[in-house]
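Summary of the model geometry
One-letter residues, chain by chain:
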Amino acid sequence: MGILGISLIPNCAPSLEKKETREKNINPNSKEGLPIVISTWFHGLEANKVAMAIIQKDGKAIDAVEQGVMTAEADPENTSVGLGGLPDRDGNVTLDACIMDETGNCGSVSFLQNIKHPISVARKVMEDTPHVMLSGAGALQFALAHGFQEENLLTEKSKIAWEKWKKESKYQPIINIENHDTIGLLAIDKQGNIAGACTTSGLAYKMHGRVGDSPIIGAGMFVDNEVGGACATGMGEAVLKTLGSFLVVELMRQGASPQEACEEAVKRITKKQNYKDFQIGYLAINKKGEHGAYCIHKGFNYALSQGEKNEMYDANFYHQ
Ligand code: ASP
């Protein structure tokens, strides 16, 4: 027994120590610092600007994330979010969105039509109902009862694109090229509180009724105020199958850096799914304001606002 004890201790001790002091894989653009706002794709720059202005005036992260992503929802030129979003294959613009605050409270809407700001309806679901998610006609009814106005979201530009697509009716996602480009945005305010928002018109020319990852808490976005937050963009089905954003946050809880967590979440997808034809991008932040970003294929970029700067960066990728 004594001999066994002695022989076990030297074996265990170095490996524990190694775990604690091991070099972490840190994103080269990442540094500690609060407050921070980070969001997906190029439309993130404008969203970050609005979100950070709220935070700099001592505003709350939850207000910052909502108002930040509203810029993309209101932009008719943006064909993947809100007004001007590309429709499903029957010509309907259908929207998915979710929001989550520092207390773990969250709200979401899916398959919502004719409302420009689904993120604000999601926030109302969070604040004014005992539920987390409302969908379709019920979500619309709720929105109208809370003062949202119905409007046609199919712009001329998106209608023309859909009519062109209808001639061939071929559903073929083109990596990084705009059949999808959700905005996911994460923020930490001056109090150190984290919130996140995610909003999209989903995959262009999808089947009517299709709902992606973006309104699903834990798939398209997740925050935990003790740990950090994560959001996803790209082929929603792949994120749903792996509950990606929850996975990223849980990996960080267990000691992974934001970059390591994003990379592992991508690898869970590439290990089992035929990833060659679709893109996935993850963003993550931890409580210190460090961030991570990773995608399957080259081409996913993100906007980071920290300190004085608000700039675009390219995410590292799994597959050239
Ligand atoms: N994840 C979104 C969806 O599958 C699309 C996107 O990110 O562009 O609906």
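What this report covers is the structure whose coordinates are included nearby. From a predicted model like this one, the values you see are computed outputs, not experimental measurements.

To continue, consider the packing of aromatic side chains. What describes a pair of aromatic rings is the distance from one ring centre to the other and the angle between the planes of the rings. By the definition in use, this model includes five aromatic pairs. With a centroid separation of 5.1 Å and an interplanar angle of 75°, the aromatic rings of Trp41 and Phe300 are classed as edge-to-face. On the criterion of sequence distance, the pair formed by Trp41 in the loop between strand S1 (36-40) and helix H2 (44-56) and Phe300 in the loop between strand S10 (291-297) and strand S11 (301-306) is long-range, its members being 259 residues apart. Neither residue differs from the other here; Trp41 and Phe300 are each classed as buried. An angle of 85° between the planes, with centres 5.4 Å apart, marks the rings of Tyr275 and Tyr318 as edge-to-face. Linking Tyr275 in the loop between helix H9 (258-272) and strand S9 (280-286) with Tyr318 in strand S13 (residues 316-319), this pair joins segments that are 43 residues apart in sequence. We classify Tyr275 as buried; its relative accessible area is 14%. Of note, Lys166 hangs over the ring of Trp162, and the distance from its end group to the ring centre comes to 4.0 Å.

Right, let's talk about the sheet that holds S10 for a bit. Judged by pairing direction, the sheet is mixed, and its five strands sit side by side in the order S7-S8-S9-S10-S13 without closing on themselves. Of all strands in the sheet, those bounded by a partner on one side alone are strand S7 (221-224) and S13. Averaged over neighbouring strand pairs, the angle between their axes works out to 15° when direction is ignored. Note: S7 against strand S8 (residues 228-234), four bridges, orientation antiparallel. Paired with Asp224 across the two strands is Gly228, which belongs to S8. Contacting S7, S8 and S9, helix H8 (residues 244-253) crosses the sheet at an angle of about 145° to S8. Relative to the sheet, H9 contacts S9, S10 and S13, its axis offset from that of S10 by approximately 25°.

Another point: the pattern of salt bridges. Scanning the entire structure with this criterion turns up 15 salt bridges. Put simply, Glu127 and Arg123 hold a salt bridge, and the shortest N to O gap is 2.9 Å. Separated by four residues within a single helix, Glu127 and Arg123 lie in helix H4 (residues 118-128), roughly one turn from each other. Given a relative accessible area of 45%, Glu127 falls into the partly exposed group. Taken together, the shared-partner salt bridges connect Asp63, Glu66, Arg123 and Glu127 into one network.

What follows covers the sheet that holds strand S2 (residues 94-100). Within a sheet, each strand pairs with its neighbour through backbone hydrogen bonds, oriented either parallel or antiparallel. With mixed pairing, eight strands are arranged side by side in an open sheet as S4-S3-S2-S6-S5-S1-S11-S12. The open sheet has two free edges, formed respectively by strand S4 (133-135) and strand S12 (309-314), since each of these has just one partner strand. Strand-to-strand twist of the sheet, defined as the mean angle between neighbouring strand axes without regard to direction, takes the value 10°. For strand S3 (residues 106-113) and S4, the ladder comprises three bridges, and the chain directions are parallel. The residue bridging Ser108 from the neighbouring strand is Met133, located in S4. Each of S1, strand S5 (183-188), S11 and S12 is contacted by H2, which is oriented at about 155° to S1, the strand it contacts most.

Thresholds, definitions, all that
Residues numbered from 1 in each chain as written. Predicted model: local features only at pLDDT ≥ 70, side-chain atom pairs only at ≥ 80, totals over all residues. Heavy atoms only, no water. Phe/Tyr/Trp six-rings, centres within 6.5 Å; stacked < 30°, edge-to-face > 60°. Helix = DSSP H or I, 4+ residues; strand = E, 2+ residues; numbered from the N terminus. Buried < 20%, exposed > 50% of the residue type's maximum accessible area, 1.4 Å probe, protein only. Lys NZ or Arg CZ within 6 Å of the ring centre and 35° of its normal. Pairing = 2+ DSSP bridges. Axes fitted to C-alpha atoms, helices over the stretch in contact; angles between N-to-C directions. Contact = heavy atoms within 4.5 Å. Salt bridge = Lys/Arg side-chain N within 4 Å of Asp/Glu carboxyl O.

Function cannot be read off these values alone, since they describe shape.
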